[in-house]
Structures are given as C-alpha cells and as structure tokens.
Amino acid sequence: MDEQEFGFETQAIRTHIDRSQYQEHSTPLFLSSSFVFEDAEDMRASFTEEKVRNIYSRFSNPNTTEFVDKVCAMEGAEAGYAFATGMAAIYSTFAALLSSGDHIVSAGSVFGSTHALFMTYFPKWNITTSYFDINQPETIESFIQPNSKILYVETPTNPGVDVIDLELLGEIAKKHNLILVVDNCFATPYIQQPIKYGAHIVVHSATKLMDGQGRVLGGVAVGQADLIRQIYLFSRNTGPAMSPFNAWVLSKSMETLAIRVDRHCENALKVAEFLESHPNVNSVKYPFLKSHPKYEVAKKQMLLGGNIIAFEIKGGIEAGRAFLDKIKLCSLSANIGDAKTIVTHPASTTHSKLSIEEKLAVGITEGLVRVSVGLETVKDVIADLEQALS
C-alpha cells in the first residue's frame, strides 16, 4: 500500500525511524550529543553532505527526525526542522529568509512575542512590518511594497480566534511572489493544512496541542524544501534545535493527536454554546459557532473548530478579574492545548506589552477571556465557568 494512501491517524502512528538491531516496537530515546564515523572518508563525506546521516544533535537526531517526518506527513510538506520552542521556529524562519531592507506584510492579530519581533527587534536590522486588519482581507494588497517578501498570518488567531481565508492568501502570495508563512498552532495539522491552499511554510508551537499535556516545549517549521534548507542552515549555525528528549515525547504524543483533538473540539463547541447563551457574556468567538463572522470560511478550511474560545464578559476588566478569581476547577495559566482546561486574561498576560490602542486594534478588550478547553468531563468545565460567571 502506497504511503500516500494511509489515513492521518495511521501516518501519525506508523511514521517512524528505522528500527535498531534490537527490533524495538517503540522508538527509543537517542540521548547522544554526537555520532561516530566509520573512518576519515566517512567523516569527510558526512560533513560535505555527500552522505545524509546524523553528525551532531544540533543538526539532526533520530528522535527529532521522526517528529519532523510525522509533521511533514500530516501537513503535506516536503521538509522541516524542529526547534526548542514555537517562538524559536518563528524567529528562525524570518531570520533565515529575510535580509536587511526586506518588508513583512502581517495580520495585526498575532501573538504578543511575534509582535515584539516585528516591532522591537526586526527594525534593528532594517526589516519592517505592515499590519493589515485580519477582518478586512480585501486591504492586504494595499500594504504590499516592492521590498515585501513574506506574507504572515495566524489562523485562527491568538487570542481573538479570528479566521482568514487561506485560499485567498495563497492567491495573493502567488500574484505578488511572496512567501506565505502560516502559524497553524491553534488548528494543528489534523484540523487544517495550509499548504493545500498555497502556504510555503507552516510553523507550530509543538508545546500546545501537539504535546497536549503541558510537559515539554517545542516548535517546528515545515514546507517547501528549498526554503526549509535555508532555515536549516541558519539553525544549524545558531543553535535553536529541539532536544532529543522533547522530540521523543512529542513524537509519541502525535500518535494520539487526532483522537485528543476530536474530544477537545467536541467539548469546546459545547462550552461555546453555553457561553453564548449566558446573560453575563457579551459575545463569544468560536470558529464553528454560526455566529462567528467567518463561520463559512472556517467550515471550508477546517475539519473542526479547535479548542480555543474567546469571550467578552459584561463589566469589563473588573468583571474579568472577578471571574478569574472565582475559577475553581479550570487552571489559570498562559499555556493552551493542555488536557486541562485553561483560562487566561490576555490583556493582562500574553498581550500585556501592547498599548490599549494596539490591543483594541486586534480585538483584545479589557474583558476578553480566552479559554483553552481541555479533556475533562465537559459538564464539569461548564459548571465551573457558570459559577464563576454568576
């Protein structure tokens, strides 16, 4: 049977490195910083890349290779590289592909640390960024300049859970010869595959749903082989590589990604419907609620709605703080994609470095709450939210 005919779950479980002489059923940990050579010629050919093999774990390692191979199979990508964190993946992708004088066109709705890269650090190297409103995709082309090189989005966005049409972005990127980079962290490759729609690079924080239990940090970039080659060479020299242990944990986690995400999404839809009907809630955003402004787009490009909900509590920041202080079962944390339901107040945590104007521009109000719905019995999660809202 051809590998391309295998289903998503089969690829997640059956993609693995070659077995050792011990014929183990489960991939072992390769906790080795380096690898030995047969002789001087083997060493020379390996360093000149005439041979494809492991040399040093900053370059590659059997465990990171297996993890990357799984993500490539899931995303439909040609190649990839695994990083210590999601932000390392994002930074290294931009740093490898951009030069001084280049320009980024990005949705304004991006993670706070990504915003810091664009506005604080990249300008040091004469790399500029223009933001467009993710809810006004018809304006994107007006932001493209002669020196524009990358078109960047998250979809769904963090923390506003906005959605943008990936097919449209693919067409714009092709028309203007831009590299389309998509942060697919909230969706995971189980729910959404941006490469189908024209993305050249897809990045993930593997810390989130890919791990699924809040244990390890990780990031990954996959996509077009020639672009990944540039990212690999940059990373090989700068050192943001994922550790073999984290790669081993994440590769095992990927085996259950589909079944976990199915339940996450099932629970999240029920929680979203509950919140939408609550009298103390002004508004709710969840991609598979019909009230979501981009519901039809979400249904077109996403298998399920994901596990993240954004909702606005009546009463603003004071009501938001009171809600968080009354939470009993759910966790107050800055992470997402955990088996445990997590409640976050973005305005005072993940996006606290943004000005009030910048927050409002990307839909972060003082009363906005982000919920990463976990795998607990959903009625228990709803009961906790209900008592905290009362």
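Everything numeric here is computed off the predicted structure, so don't read it as measured data. (Residues numbered from 1 in each chain as written. Predicted model: local features only at pLDDT ≥ 70, side-chain atom pairs only at ≥ 80, totals over all residues. Heavy atoms only, no water.)

Caption draft 1: Examining the sheet that holds strand β3 (residues 128-132) more closely. The strand order across the open sheet formed by 7 strands is β1-β7-β6-β5-β4-β2-β3, and the pairing between neighbours is mixed. At either end of the open sheet lies a strand with only one pairing partner, and these are β1 (79-83) and β3. In this sheet, neighbouring strand axes are inclined to one another by 20° on average, regardless of whether the strands run parallel or antiparallel. When strand β5 (residues 179-183) meets strand β6 (residues 201-205), the two strands line up parallel, connected through 3 bridges. When the sheet's bridge partners are listed, Asp 183 is paired in β6 with Val 203. (Pairing = 2+ DSSP bridges. Helix = DSSP H or I, 4+ residues; strand = E, 2+ residues; numbered from the N terminus. Axes fitted to C-alpha atoms, helices over the stretch in contact; angles between N-to-C directions.)

Caption draft 2: Representation of empty space enclosed by the protein. Counted according to the given criterion, the structure contains 1 cavity of 30 Å³ or more. Size it by volume and the largest cavity reaches roughly 40 Å³. Lining the largest cavity are Pro 156, Val 161, Phe 186, Pro 287, Gly 305, Gly 306, Asn 307 and Ile 308. For the lining of the largest cavity, a count of residues per class yields 5 nonpolar, 3 polar and no charged. (1 Å grid on protein atoms, 1.4 Å probe; cavity = no way out; pocket = protein on both sides within 12 Å on 5 of 7 lines; lining within 4 Å. Points joined across faces, edges and corners; volume = space filled by probe spheres on them. Nonpolar A, V, L, I, M, F, W, Y, C, P; charged D, E, K, R; others polar.)

Caption draft 3: Quick peek at the pairing of β6. A large share of β6 lies buried, amounting to 5 of its 5 residues. Burial along β6 is two-sided: the face carrying Ile 201, Val 203 and Ser 205 and the face carrying Val 202 and His 204 are both buried. (Buried < 20%, exposed > 50% of the residue type's maximum accessible area, 1.4 Å probe, protein only.)

Caption draft 4: Molecular detail of the UniProt feature "modified residue: N6-(pyridoxal phosphate)lysine" (unreviewed entry) in the protein. In this structure's numbering, the residues bearing the UniProt feature "modified residue: N6-(pyridoxal phosphate)lysine" (unreviewed entry) are Lys 208. By secondary structure assignment, the location of Lys 208 is in the loop between β6 and β7 (219-223). A relative accessible area of 18% means that Lys 208 is categorised as buried. Residues in contact with Lys 208, not counting those within four places in the same chain, are Cys 185, Asn 335, Ile 336 and Gly 337. Separated by 2.9 Å, the side chains of Lys 208 and Ser 205 make a polar contact. (UniProt positions renumbered as here; feature names shortened; annotations may be inferred. Contact = heavy atoms within 4.5 Å. Polar contact = N/O pair within 3.5 Å; in protein donor to acceptor, adjacent residues only side chain to side chain.)

Caption draft 5: Up close: unusual backbone geometry. For the peptide bond that leads from Thr 155 to Pro 156, omega is -5°, which places it in the cis range. Relative to the elements of secondary structure, Pro 156 occurs in the loop between β4 (148-154) and α6 (166-175). Put simply, Asn 158 and Pro 159 share a cis peptide bond, and its omega is 10°. Tracing the chain through its elements places Pro 159 in the loop between β4 and α6. With phi around 55°, Val 161 is a residue other than glycine that occupies positive phi space. Of note, Val 161 is situated in the loop between β4 and α6.

Caption draft 6: Quick peek at the pattern of salt bridges. The final tally for this structure, using the stated rule, is 16 salt bridges. With a closest N to O distance of 3.1 Å, Glu 167 and Lys 300 form a salt bridge. With a gap of 133 residues between them, Glu 167 in helix α6 and Lys 300 in helix α11 (residues 295-301) connect regions that are remote in the sequence. (Salt bridge = Lys/Arg side-chain N within 4 Å of Asp/Glu carboxyl O.)

Caption draft 7: Examining helix α9 (residues 244-254) more closely. For α9, the buried fraction is high: 8 of the 11 residues fall into the buried class. When α9 is considered as a whole, its buried residues turn out to be Pro 244, Asn 246, Ala 247, Val 249, Leu 250, Ser 251, Ser 253 and Met 254. Against α1 (8-14), α3 (62-75) and α10 (257-276) lie the buried residues of α9.

Caption draft 8: Structural view of the sheet that holds strand β11 (residues 342-344). Here we have 5 strands laid out as an open sheet, ordered β8-β9-β12-β11-β10, and mixed in their pairing. Two strands in the sheet have a free side with no partner beyond their single neighbour: β8 (281-285) and β10 (331-332). Here β8 pairs with strand β9 (residues 308-313) via 4 bridges, running antiparallel. The residue of β9 that forms the bridge with Val 284 is Phe 311. Sheet strands touched by α10: β8 and β9. Its angle to β9, the strand with the most contacts, is close to 10°.

Caption draft 9: Region of the structure containing a nonpolar patch on the surface. Side chains of Leu 29, Leu 31 and Phe 245 sit close together on the surface and give an oily, nonpolar patch of about 280 Å² of accessible area. Position of Phe 245 among the secondary structure elements: in helix α9. (Patch = residues over 30% accessible without salt bridge, like charges linked within 9 Å, V, L, I, M, F, W, Y side chains within 5 Å. Areas by Shrake-Rupley, 256 points an atom, 1.4 Å probe, with all protein chains shown as cover.)

Caption draft 10: How the structure looks around the packing of helix α4 (residues 86-97) against helix α8 (residues 225-238). Orientation of α4 relative to α8, taken along the N-to-C sense of each, is 105°, at an axis distance of 9 Å. Classified by the angle between their axes, α4 and α8 sit roughly perpendicular to one another. Contacts from Tyr 91, Ser 92, Thr 93, Ala 95, Ala 96 and Leu 97 in α4 reach Leu 227, Gln 230, Ile 231, Phe 234 and Ser 235 in α8. Of the residues assigned to the contact of α4 with α8, the class counts are 7 nonpolar, 4 polar and no charged. (Parallel < 35°, antiparallel > 145°, perpendicular 65-115°, else oblique.)

Caption draft 11: How the structure looks around the environment of Ile 172. In this structure, Ile 172 sits in helix α6. Along the primary structure Ile 172 and Ser 331 are separated by 159 residues, whereas in three dimensions their C-alpha atoms are 40 Å apart. Setting aside residues up to four positions removed in sequence, Ile 172 forms contacts with Ile 140, Glu 141, Ile 144 and Leu 151.

Caption draft 12: Main features of the environment of Tyr 286. Here Tyr 286 shows up in the loop between β8 and α11. The buried category is assigned to Tyr 286, whose relative accessible area is 1%. Sequence separation between Tyr 286 and Val 161 is 125 residues, and the spatial gap between their C-alpha atoms is 6.5 Å. Separated by 2.6 Å, the side chain of Tyr 286 and the backbone oxygen of Gly 306 make a polar contact.

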